[in-house]
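# Reading the structure
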Amino acid sequence: MAAPTPSPPAVAADARSNPTRGRTRVAVAQMCSTEDVEANLSTCAELARRAAELECVALFLPEAFARISRSGKASIATAESLDGPIVRACAAMAREHGMWMSLGGVAERDDAGGDARRRNTHVLLTPLGTIHGEPYRKIHLFDAEGVGVGGGGLMESEWTAPGRELTSHATDFGTVGVSVCYDVRFPDVYQALRFEHGADILIVPSAFTKITGRAHWEVLLRARAIETQCYVVAAAQCGRHSETRESYGHAMIIDPWGEIVAKLDDPEEGVGIAVGEISLEYVDEVRRKMPIASHRRPVRRENFTLG
Ligand SMILES: O=C(O)CNC(=O)[C@H](CS)NC(=O)CCC(=O)C(=O)O
């Protein structure tokens, strides 16, 4: 008599016994926010619905997803606390879909700090819709000439107070190190997130300008992935927000070898999500074959003669 054939387990045994080293599908968003908060949030809701339909465990939204203001003054005037309507609306989406949500940058009102300026704050929401761990307040502020549509400048520090603390989040899909947009130009942030915080995944939610994005976006992101051997998830603003603001798009997910695993192209594809797999086993493999953590010799005065 033939023995009954056991049915295959629904989940591979190793993934079940050690879920954090398995594969996980995540979605990175690209959108074109304006001053219309309600419209921006309904775009977020639609993107969250699509990400949930595709069985993603997390959705990453870009910097300024809820609002891109036309002026610094407006950005300060419309800033909210983290228990305000914008974060609450997103928490309802996270809860509805049982999905992690990275809120790439909200204009946070800072009543306690004694600084009139707003903060540019990243918030991670759990699948229960609660705020996970510490918010991250953007450290490097974008003050640059010749980056706007008509060749104008942007002076983020006029309306934003800089943060002073790095943040990471231990989640069931890996340890997520947080940064925002212009931070990507400062590699020491990512060295600290990888080597001090133990990040597997680095996020860079952005509103890169069209001019700087064309020249630098992909190169910077892939460099950060390669030199840290982390996944990089970079949500992006795209298209024309106002007469003076235009963003580069090209939201992407990069693996720890530096390959792009998912991306959206602007302007052809515009608003949407790109979906990719995060494999912590692949992170481990890349790091085992080339163990930069044990090879690195930080060039500091205690260790080297700097001249
Ligand atoms: O908070 C908001 O309203 C939106 N914030 C932004 O757009 C920020 C500050 S103006 N943009 C950047 O950091 C772009 C960096 C960039 O483009 C580069 O580094 O090349």
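Just above sits the structure.
These numbers were taken from a predicted model, which means no experiment stands behind them.

With that out of the way, let us pick up the site of the ligand. The environment of the ligand is made up of 17 residues, and the closest members are Ala64, Phe142, Tyr182, Ala207 and Thr212. Grouping the amino acids of the shell around the ligand by side-chain chemistry returns eight nonpolar, six polar and three charged.

Turning our attention to unusual backbone geometry. The residue glutamine 229 is not glycine, and still its phi comes out positive at about 55 degrees. Among the secondary structure elements, glutamine 229 is positioned in the loop between helix 7 (210–228) and strand 11 (231–234). Even without being glycine, histidine 250 reaches a positive phi, approximately 60 degrees. The topology assignment puts histidine 250 in the loop between strand 13 (246–248) and strand 14 (252–254). Residue histidine 250 is classed as buried on the basis of its 23 C-beta neighbours within 10 Å.

What follows concerns the pairing of strand 9 (residues 174–178). Of all the five residues making up strand 9, four are buried; the element is thus mostly covered by neighbouring parts of the structure. When strand 8 (residues 168–171) meets strand 9, the two strands line up antiparallel, connected through four bridges. Directly across from threonine 171, in strand 9, lies its bridge partner glycine 174. Counting the residues between successive antiparallel strands, the hairpin from strand 8 to strand 9 contains two residues. Relative to strand 10 (residues 201–203), strand 9 is paired through three bridges, and the arrangement is parallel. Paired with glycine 177 across the strands is leucine 202, a residue of strand 10. Note on the crossover from strand 9 through helix 6 (residues 187–195) to strand 10: the handedness is right-handed.

Moving on, we get to the environment of alanine 45. With respect to the helices and strands, alanine 45 occurs in helix 2 (residues 37–53). Residues alanine 45 and alanine 89, 44 residues apart in the sequence, show an inter-C-alpha distance of 9.0 Å.

About the criteria used
Residues numbered from 1 in each chain as written. Predicted model: local features only at pLDDT ≥ 70, side-chain atom pairs only at ≥ 80, totals over all residues. Near = placed C-beta within 6 Å. Nonpolar A, V, L, I, M, F, W, Y, C, P; charged D, E, K, R; others polar. Helix = DSSP H or I, 4+ residues; strand = E, 2+ residues; numbered from the N terminus. Buried ≥ 20, exposed ≤ 12 C-beta atoms within 10 Å, placed from the backbone. Pairing = 2+ DSSP bridges. Right-handed = clockwise from strand over helix to strand, strands pointing away.

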